[in-house]
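# Structure assessment
Each chain, letter by letter, is given below.
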Amino acid sequence: MKLELRGITKRFGALVANDHIDLTVNPGEILGLLGENGAGKSTLMNVLYGLYQADEGEILLDNEVQHFSGPGDAMHAGIGMVHQHFMLIPVFTVAENVMLGHEQTGFAGRLDVAAARAQVRKISEAFGFDLDPDAIVGDLPVGVQQRVEIIKALSRDAKVLVFDEPTAVLTPQETDELMTIMRQLKQGGTSIVFITHKLREVRAVADRISVIRLGKVVGEAEPTATNTELASLMVGRAVELTVQKGPAKTRGRAFAVENLSVVDARDQVVVDRVSFDVRAGEILAIAGVQGNGQTELTEAIMGLQERVSGSITLDGQSLRHLSVQKVLDAGVGFIPEDRTEDGVVSEFTIAENLMLDRSYSKPFVKAGSLQRNYLAAFAEEKIAEFDIRAQSIDTHAGRLSGGNQQKVVLARELSRDLRLFVAAQPTRGLDVGSIEFVHERIIATRDAGIPVIVVSTELDEVVALADRIAVMYGGRIVGIVPGDTPRDVLGLMMAGEAPEQGAAA
Amino acid sequence: MTDTAQRTPAAPHKDINTGPVQRSWKAPIALGVFALLAVILFMGFGRAGESTLTLSARADSIQLVPLVLPTLATCYIIAAVLVAIAVAATLMVRRGTRVPLWLTTVFSILLLLGFLVWASAGANLPIPGLLAGSLGLAVPLIFGALGGVISERVGVVNIAIEGQLLAGAFSSALVASVTGSPIIGLVAAMVSGVLVSFVLAAFAIKYVVDQVIVGVVLNVLVSGLTGFLFSQLLSPNSDALNSPPRFNEIAIPLLSEIPIIGHVFFRQTLIVYLMYLAVACVYVGLFHTKWGLRLRAVGEHPQAADTVGINVGSTRFWNVSLAGAIAGLGGAFFTLGSVGAFGKDMTAGAGFIALAAVIFGRWDPIRATLAALLFGFASNLQGVLNIIGSPVPSEFMLMLPYLVTIFAVAGLVGKSRPPAASGKPYIKS
Ligand SMILES: Nc1ncnc2c1ncn2[C@@H]1O[C@H](COP(=O)(O)OP(=O)(O)OP(=O)(O)O)[C@@H](O)[C@H]1O
Ligand SMILES: [Mg+2]
């Protein structure tokens, strides 16, 4: 089906999120949609999907003007969407989420759960996913939730499919599978809009590329364009895709974890006798496929896990048995991997989010009362420093684009006096310009003599930042190797193979 | 590859010390405390004489011999068993196993039996009467709670249950008196419950007014309106307007012949049978049908429901109306089922107890029904014990329903989590 957007304009108060956007996607074509964080990509897609009402402009399907009063109409017209902020109901099972809205029923409206299960199995098999249809969605890690969101969209035979950053939390293999599926759908005549920040992916799968900046279409590109060209088109300036990093000037051992084990709520040993140390002024990257214990490891360091054994010491002081607040007070900065869930309070303003972990003492609170002026000045400064795109410091964090929410978390954690910085997936969902910026900040933190732990499933990120790399597999550290270890070695280690002798650092 | 698949290689290391295993000590502690209380009460304040528990009502065709028990000895034995169960529960948790539900159930029944025996020393306690009275008190609560479960599950906090019950009671009395038909009265009760819901739904969903405030205002409004009409209209003409025909009891063949409970549950009025039906339908509907899935989706995450084409506003509106109809039926029970005439503010806070049952029942129709039954039982026990002359001061007895409910909830109901979007209006941009 041919999709055409004509002059779509969407305003949120004074902010123009989409400014007369024109786009066309032909049947059997994949359009890559690129743009900075907050450029207005998700907004545009939500308008298309009927979730937002456009202030101006029209949507045409096969040259017919459509009037969508809600997503129901859009769905009927054949539009499907994988949402960036998952539209899943946490207390429902995978099967229930997938069937919701087009339930198959038996006698007297009774749900045919078996049919829904079978459908989930069928699609996930085609995908190379292994997904339990009866798992409760809220218990699943984000990566798996993303698969559910994709399966939900694929289960309805849409003729126009929108994928809004589906690959941010997928493994490289899963991304490849998804791209294969997109190509298959394209063969069948589906028109696809694919949003991602990973230039490699658009170049691999897109037929055409459109770039949006500040709510306007700023250009088109061919998939043959280089990363640098695409990046500068997006951001409007030249971007360094790999940041410059001098050699680490380390001082003694600052942070050490010994024999750390974590058992999760299902009695599984998720972190298994892990030991490593980080020197002051060095970045230790923890690489590995999502779900191999990295999340639990960082949570254990922060005091967020309950069943932990082993020791965690920072500058000779034990962090075990401390409350999260005490851990933060000890100077540990933390970027959680799921920003919407653990990073920001979406009903709070940006300013309030920026003071969240210092809400009980100076300088934000004096004699029990909030220092509003101080907070406002502080927030203004951070918005400028971290380039957070928002209408004002009083915008609710939930209203920010994904990348800008991440910057709020970064700004909060990096504006304290730190003695250790733990960043889990710090650039997930960020645009290339922001990634450059975040990487620079992380390296600056290292160069200030702070031990840094970066957990990342992106090999690019690991290689760009790490002085040393610890690879986790099955809850254990397979090996710790130097930062310049070749990627294929890292790849093997991520599959559980121990490094060859002599490679260890 | 799944996460579990990736983790499996690490699984064999069971030998490592993984810190304290989480054990729930709640059950043994609760059982221990209750066993201790039983020991103190039964032994410390032991009562001599014999307790007679009558098991059959006069109308029953199978007559059971009354149970005559030596009070002191029975209480001693029961106390000993209670202590044994508490100890067993402690040992189980020590070993890392969970205390099974049946054990807690046996414990509760024994505790109750012991208490009844203790309280009825030297007197005659009619068990069927006790149960029948409990059910009677619970019926409106159950209807109210079902209405509450539906409307909260769809995302609208329903404080107006009290108003819906009262409106149902009033209009069923009036309409049944005028028409002479209790069935039409029942329909009128449902209609008036729906009307109250319309106001709630319109203000809460369309005009996004705070739902708790609308609910409270509605309660006051209905109380004032029915009170006014009662004193101006119904009281002066009570023969014509406030003497509704009541439903007859219908005995279900065979089932009503079951000893002890048959009479209680299966020789009842139409309203009570409707209640059984309502509980079953709401339960099955909520968890096994398309209607229920969509309803719960709207109450948990309205935007997600919207994105799959469910109309959030109308789903909420119609289900809140349905909830009103069900609560209205509960109101009709006051006038057409039990009392037989409308009285000012006759619901006397039943709507709020129903609301409590919703929460105690964790927004689940079956659990909420059980909570309502428990409350009905405790209230009735208090009344019955007062009549047969229990040694417990009556002021304390008045606390009993509330105490029992609180303890049962604290001991049996775990963490409770309301539907995520309950009380939150859905605004689209
Ligand atoms: N519901 C809303 N209310 C107010 N402002 C909003 C709302 N949704 C989005 N915005 C604003 O509109 C702009 C565009 O946001 P959008 O989510 O479309 O960006 P995006 O291109 O998808 O970015 P990202 O790559 O980070 O996901 C942002 O400045 C954002 O703050
Ligand atoms: Mg977006």
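Quick caveat, the model's predicted, so the values are computed rather than measured.

Conventions and cut-offs
Residues numbered from 1 in each chain as written. Chains lettered and ligands numbered in written order. Predicted model: local features only at pLDDT ≥ 70, side-chain atom pairs only at ≥ 80, totals over all residues. Heavy atoms only, no water. Phe/Tyr/Trp six-rings, centres within 6.5 Å; stacked < 30°, edge-to-face > 60°. Buried < 20%, exposed > 50% of the residue type's maximum accessible area, 1.4 Å probe, protein only. Contact = heavy atoms within 4.5 Å. Buried area = accessible area lost by both parts, 1.4 Å probe. Salt bridge = Lys/Arg side-chain N within 4 Å of Asp/Glu carboxyl O. Polar contact = N/O pair within 3.5 Å; in protein donor to acceptor, adjacent residues only side chain to side chain. Helix = DSSP H or I, 4+ residues; strand = E, 2+ residues; numbered from the N terminus. Nonpolar A, V, L, I, M, F, W, Y, C, P; charged D, E, K, R; others polar. Axes fitted to C-alpha atoms, helices over the stretch in contact; angles between N-to-C directions. Parallel < 35°, antiparallel > 145°, perpendicular 65-115°, else oblique. Pairing = 2+ DSSP bridges. Domains from an automatic or database assignment. Donors = N, O, S within 2.8 Å, 3.2 Å for Na, K, Ca; no water. Core = buried A, V, L, I, M, F, W, Y, C linked by side-chain atoms within 4.5 Å. Near = heavy atom within 4 Å. Areas by Shrake-Rupley, 256 points an atom, 1.4 Å probe, with all protein chains shown as cover.

### Quick notes on the packing of aromatic side chains
Residues and elements named next belong to chain B. In this structure the tally under the stated criterion is 16 aromatic pairs over all chains. A ring pair is formed by F203 and Y207, whose centres lie 6.2 Å apart and whose planes are at 55°; its orientation type is tilted. Of the residues examined, F203 reaches a relative accessible area of 39% and is grouped as partly exposed. Taken together, the aromatic side chains of F265, F266, Y273 and Y276 make up a single cluster linked through ring pairs.

### Regarding the interface of chain B and chain A
With 37 residues of chain B at the contact, the number on the chain A side is 60 residues. Summed over both partners, the interface of chain B with chain A buries about 4,000 Å², with 55% contributed by carbon and sulfur atoms. At the junction of chain B with chain A, the criterion picks out one salt bridge. Across the pair R294(B) and E103(A) runs a salt bridge, and its minimum N-O distance is 2.9 Å. Here chain B is connected to chain A by four residue pairs in polar contact (both at pLDDT 80 or more). When contributions to the side of chain B that touches chain A are tallied by element, the ones reaching two or more residues are α1 (3-7), α11 (270-288), α12 (290-300) and α13 (302-307) of chain B. At six residues, the largest contribution of residues to the side of chain B that touches chain A is made by α12(B). Looking at the side of chain B that touches chain A, its residues break down into 13 nonpolar, 14 polar and 10 charged.

### Quick notes on the packing of α11(B) against α12(B)
Residue and element names in this part refer to chain B. Direction vectors running N to C along α11 and α12 enclose 70°, while the axes themselves pass 5 Å from each other. If you check the angle between α11 and α12, you find them roughly perpendicular. Residues G285, L286, F287 and H288 of α11 form the contact with α12, whose participating residues are K290, W291, G292, L293, L295 and R296. When its residues are assigned to classes, the contact of α11 with α12 shows five nonpolar, three polar and two charged.

### Looking at the pattern of salt bridges
Residue and element names in this part refer to chain A. Across all of its chains, the model carries 37 salt bridges over all chains by this definition. The partner of R11 in a salt bridge is E56, and the shortest N-O contact between them spans 3.1 Å. Of this pair, R11 sits in strand β1 (residues 3-12) while E56 sits in strand β4 (residues 56-61); the two residues are 45 residues apart in sequence, bridging distant segments of the chain. The exposure class assigned to E56 is partly exposed, which follows from its relative accessible area of 32%. One salt bridge in this structure joins R416 and D357, with 3.4 Å as the shortest N-O distance. You can see R416 sitting in the loop between α14 (402-414) and β19 (420-424) and its partner D357 sitting in the loop between α12 (350-354) and β17 (365-366), a full 59 residues away along the chain. Both residues of the pair, R416 and D357, count as buried.

### Concerning the sheet that holds strand β5 (residues 64-66) of chain A
All names here are of chain A. Read across the open sheet, the four strands follow the order β2-β1-β4-β5; overall the sheet is antiparallel. The outermost strands of the open sheet, each flanked by one partner alone, are β2 (15-25) and β5. Each neighbouring strand pair of the sheet contributes to a mean axis angle of 30°, computed without reference to strand direction. Pairing between β1 and β4: five bridges, direction antiparallel.

### Topic: the domain arrangement of chain B
All names here are of chain B. Split into domains, chain B comes out as domain 1 (26-122) and domain 2 (128-409). Relative to domain 2, the C-alpha centre of domain 1 lies at a distance of 32 Å. In this complex, domain 1 contributes 17 residues to the contact, which on the side of domain 2 involves 15 residues. Buried surface at the junction of domain 1 and domain 2, both sides included, amounts to about 1,300 Å², of which 74% is carbon and sulfur. Remark: the boundary between domain 1 and domain 2 carries zero salt bridges. Remark: the boundary between domain 1 and domain 2 carries zero residue pairs in polar contact (both at pLDDT 80 or more). The biggest single contributor to the side of domain 1 that touches domain 2 is helix α4 (residues 101-119), with five residues. Residue classes in the side of domain 1 that touches domain 2 are distributed as 11 nonpolar, four polar and two charged.

### Focus: the coordination of the magnesium ion (ligand 2)
Residues and elements named next belong to chain A. Taken together, the protein donors to the magnesium ion (ligand 2) comprise S42 (OG) and Q84 (OE1), at separations of 2.0 Å. Here the residue S42 occupies a position in helix α1 (residues 41-48), and Q84 occupies one in the loop between β6 (79-82) and α3 (94-99), the gap between them amounting to 42 residues. S42 gets classed as buried once you look at its relative accessible area, which sits at 19%.

### Digging into the nonpolar core
Counting 128 residues, the largest nonpolar core has V94(A), F163(A) and F342(B) as its most contacted members. With 10 residues, helix α5 (residues 127-153) of chain B is the largest single contributor of residues to this core. Non-local contacts of F342(B), meaning those with residues more than four positions away in its chain, are made with L166(B), A169(B), F170(B), A173(B), T226(B), F230(B), L234(B), N242(B) and T335(B).

### Describing the site of ligand 1
Residue and element names in this part refer to chain A. Contacts to ligand 1 come from 20 residues, most closely from G38, S42, T43, Q84 and R399. Contacts to ligand 1 include G40, whose backbone N or O atom sits 3.0 Å from an oxygen atom. Between an oxygen atom of ligand 1 and a side-chain N or O atom of E165, the distance comes to 3.2 Å. About the coverage of ligand 1: the protein hides 91% of its 630 Å² of free accessible area. Looking at the shell around ligand 1, the elements with two or more residues in it are β2, α1 and α14. With three residues, α1 is the single largest residue contributor to the shell around ligand 1. For the shell around ligand 1, a count of residues per class yields six nonpolar, 10 polar and four charged. Both domain 1 (3-235) and domain 3 (346-416) contribute no fewer than three residues apiece to the shell around ligand 1.

### Quick notes on the sheet that holds strand β12 (residues 269-279) of chain A
All names here are of chain A. Read across the sheet, four strands follow the order β12-β11-β14-β15 without closing on themselves; strand pairing throughout is antiparallel. Both edges of this open sheet fall to β12 and β15 (317-318), since each of them pairs with a single strand only. Bridge count between strand β11 (residues 253-263) and strand β14 (residues 307-314): seven bridges; the pairing is antiparallel. In the strand pairing of β14, V257 is matched with I312.

### What about unusual backbone geometry?
Residue and element names in this part refer to chain B. The phi torsion at A348 lies on the positive side, around 50°, for a residue other than glycine. Turning to its location among the elements, A348 is positioned in the loop between α14 (312-338) and α15 (350-360). Since its relative accessible area comes to 69%, A348 is described here as exposed. Even without being glycine, W363 reaches a positive phi, approximately 60°. The topology assignment puts W363 in the loop between α15 and α16 (365-388).

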